[in-house]
Amino acid sequence: MTSATAADLKVRAASDVVTSGLADAKAPCLTSSFQAECVVLNHMLRQERPDLPVLFLETFHHFPQTLAYRDEMTAKWGLNLINLKAAEPRVGLWQAESTDACCARHKIQPLFSALEGYDVWFTALRRDQSPSRANLQEIEPFKLPSGKIIQRVAPLAAWTAKDVWAYAKAHDIPLLPLYELGYTSIGCEPCTALPDDPSNPRSGRWQGKKLECGIHIQAG
């Protein structure tokens, strides 16, 4: 099997998951941080649902480059962008209190509140991103804090970063310019650094003190 054929099979499998995820969805959405995998998945979803709501967490701590790129891609693709914000934003909470408190206020609370209005949640998570995502399924139920169950769909679960970049190149998708500066996983500016460990793309997040912000952790 050639590498090109293997890549084609991965794309086909991901596209099948997209189709399956949309089949019975009454109110689907996509969350996007406008990192490479998010934009690639958005490209796939646009083929079937160009009006799909794209939820972006406006944390008030993003890199200026991220916000500029978000606006550029929104205009370029005509995205149905929805910026989610905390009810009471507090810039600098990560420093005044903790990164956990900042993520809870600016990410977890506004996202879970918004997801109450959807039944299918598309995400660009991949198994190879961190140990906490190693058992990720392409389609699985996700329980919100309210107790509501929605379907979380991760069409790129089996992909690698190389697969993502190859797809972007094949489809002439421009990517966030911060990658050109050496960043490999990009979130809020205060909690994103160049990777400490070249073999771990997420080693530059939260000074290596945690693996997740909490939005992908189910309610108990």
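Residues numbered from 1 in each chain as written. Predicted model: local features only at pLDDT ≥ 70, side-chain atom pairs only at ≥ 80, totals over all residues. Heavy atoms only, no water.

Asker: Help me understand the nonpolar core, please; the structure alone is not making it clear to me.
Answerer: If you look at the biggest cluster of nonpolar residues, it comprises 38 residues, and the most contacted ones within it are Phe34, Leu41, Leu45, Phe122, Leu156 and Trp159. Among the secondary structure elements, those contributing two or more residues to this core are helix H1 (3-23), helix H2 (36-46), strand S2 (53-57), helix H3 (64-77), strand S4 (120-122) and helix H6 (161-170). Here this core gets seven residues from one element, more than from any other, and that element is H2. What Leu45 contacts, discounting residues up to four positions off in sequence, is Val18, Leu22, Leu30, Pro50, Leu52 and Phe122. Judged by nonpolar contacts, the second largest core, of 14 residues, contains Cys29, Leu111, Leu115 and Tyr118. (Core = buried A, V, L, I, M, F, W, Y, C linked by side-chain atoms within 4.5 Å. Buried < 20%, exposed > 50% of the residue type's maximum accessible area, 1.4 Å probe, protein only. Helix = DSSP H or I, 4+ residues; strand = E, 2+ residues; numbered from the N terminus. Contact = heavy atoms within 4.5 Å.)

Asker: Quick question: what am I supposed to make of the pattern of salt bridges here?
Answerer: Pairs can form between side chains of opposite charge once their charged atoms are near each other. Under the criterion given, the structure shown has eight salt bridges. The salt bridge involving Arg49 is made with Asp51; its shortest N-O contact spans 3.4 Å. Residue Arg70 pairs with Glu58 through a salt bridge whose shortest N-O separation is 3.8 Å. Here Glu58 lies in the loop between S2 and H3 and Arg70 lies in helix H3, a separation of 12 residues in the sequence. The class for Arg70 is buried, based on a relative accessible area of 9%. With relative accessibility at 10%, the residue Glu58 sits in the buried group. Linked through salt bridges whose partners overlap, the residues forming this network are Glu37, Arg126 and Asp128. (Salt bridge = Lys/Arg side-chain N within 4 Å of Asp/Glu carboxyl O.)

Asker: Sorry if this is basic, but what is going on with the packing of H2 against H3 here?
Answerer: If you want to describe how two helices pack, look at the angle between their axes and the distance between the axes. Packing of H2 against H3 brings their axes to within 13 Å, and their N-to-C directions diverge by 15°. When the axis of H2 is compared with that of H3, the two are roughly parallel. In the crossing of H2 with H3, the sense of the turn from one axis to the other is right-handed. Of the residues in H3, those in contact with Val39, Asn42, His43 and Arg46 of H2 are Tyr69, Met73 and Trp77. Across the contact of H2 with H3, the residue classes break down as four nonpolar, two polar and one charged. (Axes fitted to C-alpha atoms, helices over the stretch in contact; angles between N-to-C directions. Parallel < 35°, antiparallel > 145°, perpendicular 65-115°, else oblique. Left-handed = near helix turned anticlockwise from the far one by under 90°. Nonpolar A, V, L, I, M, F, W, Y, C, P; charged D, E, K, R; others polar.)

Asker: What is the right way to look at the packing of aromatic side chains in this model?
Answerer: What characterises a pair of aromatic rings is the spacing of the ring centres plus the angle enclosed by the ring planes. Applying the stated criterion across every chain yields a total of seven aromatic pairs. Judged by centre distance (6.3 Å) and plane angle (85°), the rings of Phe34 and Tyr69 are edge-to-face. Of the two residues, Phe34 is situated in the loop between strand S1 (28-31) and H2 and Tyr69 in helix H3; the sequence distance between them amounts to 35 residues. Its relative accessible area of 2% is what places Phe34 among the buried residues. Centre to centre, the rings of Phe63 and Tyr183 are 5.4 Å apart; their planes meet at 65°, and the pair counts as edge-to-face. Highlighted residues: Phe63 in the loop between S2 and H3 and Tyr183 in the segment after H6, separated in sequence by 120 residues. The same class applies to Phe63 and to Tyr183, which are both buried. (Phe/Tyr/Trp six-rings, centres within 6.5 Å; stacked < 30°, edge-to-face > 60°.)

Asker: Please explain H3 as it appears in this structure.
Answerer: Given 3.6 residues per helical turn, the α-helix brings residues three or four places apart onto the same face. Compared with the 20 Å implied by 1.5 Å per residue over 14 residues, the 20 Å span of H3 between its first and last C-alpha is a close match. Considered for burial, the residues of H3 that qualify are Thr66, Tyr69, Arg70, Met73, Thr74 and Trp77. All buried residues of H3 fall inside an arc of 135° around its axis, so they share one side. Set apart from the buried face of H3 by more than 90 degrees, the exposed residues are Pro64, Ala75 and Lys76. Packing partners of the buried residues in H3 comprise H2, S2 and strand S3 (80-84). Phi for Gly78, located one or two positions after H3, is positive at around 65°. (Expected span 1.5 Å × (residues − 1). Arc of directions from axis to C-beta.)

Any functional reading would require information that these geometric values do not contain.
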